[in-house]
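# Commentary on secondary and tertiary structure
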Amino acid sequence: MDDRHRLMAEVEAAQTALARLLLTDQLLPVLNSPLTMQQLRFMALLYRDGPTPGHRLAAQLNVSMPTVSGTVDRLVEHGMIARRVDDRDRRVRLVELTPAGEQMLTSFQEAGWRMGREVMAGQGRCERGQLGLGDDQRRGQAECARIRGIEDEASLERGGDHGRRD
């Protein structure tokens, strides 16, 4: 095995070990939540995209409008999301996170970063700088994925081929 492959294997092993440690911390708040996985999926999309019409949630989650309606009703009862009229088109109802819903998802995210901060506290300046470069790359990749999702949505609304990359 050459140096490049050996280094890649070491990085992968370290990432796997860290992921196992983080997984427990990240999952505990989710597992202790009274919400179903489907409800959490709805909230995650709203956390990522902000106020969203129900038809867009249905398309993104590949569920029917009655499923969206029922899930939204239950999340409204939990105080996690709210419905409101879209100011740009009063016929459209937007679904958005409430402060309580936002706080719940922020707490999930915070649990994931807690251990990461502890790990980084034990690193030197150079190591933290290298992590920052990797974070910049991951942020760029996340933004590209978000843009692809928006492009796919626009294609769906125009009746185009979902997921097609020309």
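See the structure printed just above.
Here we summarise the structure given alongside this text. (Residues numbered from 1 in each chain as written. Predicted model: local features only at pLDDT ≥ 70, side-chain atom pairs only at ≥ 80, totals over all residues. Heavy atoms only, no water.)

On to the overall build of the chain, then. Check the secondary structure of the chain and you find 6 helices and 3 strands. From first element to last, N terminus to C terminus, the chain shows the α and β order α-α-β-α-α-β-β-α-α. Within the chain, residue pairs in contact and separated by at least 24 positions form 50% of the contacts whose partners lie at least 6 positions apart. With the model as given, the accessible surface of the chain reaches about 11600 Å², and the carbon-plus-sulfur share is 55%. (Helix = DSSP H or I, 4+ residues; strand = E, 2+ residues; numbered from the N terminus. Contact = heavy atoms within 4.5 Å. Areas by Shrake-Rupley, 256 points an atom, 1.4 Å probe, with all protein chains shown as cover.)

Before going further, it helps to spend a moment on the sheet that holds strand β2 (residues 81–86). With respect to topology, 3 strands assemble into an open sheet ordered β1-β3-β2, the strand pairing being antiparallel. Each end of this open sheet is capped by a strand with a single partner; those strands are β1 (52–53) and β2. By the bridge criterion, 2 bridges tie β1 to strand β3 (residues 89–97) in an arrangement that is antiparallel. Across the sheet, the residue bridging to proline 53 is leucine 94, located in β3. Packing of helix α2 (residues 37–49) onto the sheet brings it into contact with β1, β2 and β3, and relative to β3 it is tilted by some 105°. (Pairing = 2+ DSSP bridges. Axes fitted to C-alpha atoms, helices over the stretch in contact; angles between N-to-C directions.)

What follows is about the pattern of salt bridges. Under the counting rule described, the total for this entry stands at 7 salt bridges. The partner of aspartate 89 in a salt bridge is arginine 91, with the nearest N and O atoms 2.9 Å apart. Among the charged side chains, a network of salt bridges with common partners joins Asp3, Arg6 and Glu10. (Salt bridge = Lys/Arg side-chain N within 4 Å of Asp/Glu carboxyl O.)

Note: α-helices contain 3.6 residues per turn, so residues at a spacing of three or four share the same orientation. Here helix α3 (residues 54–61) has its buried residues at Gly54, Leu57, Ala58 and Leu61. Looking down the long axis of α3, one finds its buried residues gathered within 100° of arc, a one-sided arrangement. Looking at the buried residues of α3, the elements they touch are α2, β1, α4 (65–77) and β3. Positive phi shows up at asparagine 62, right after α3, with a value of about 55°. (Buried < 20%, exposed > 50% of the residue type's maximum accessible area, 1.4 Å probe, protein only. Arc of directions from axis to C-beta.)

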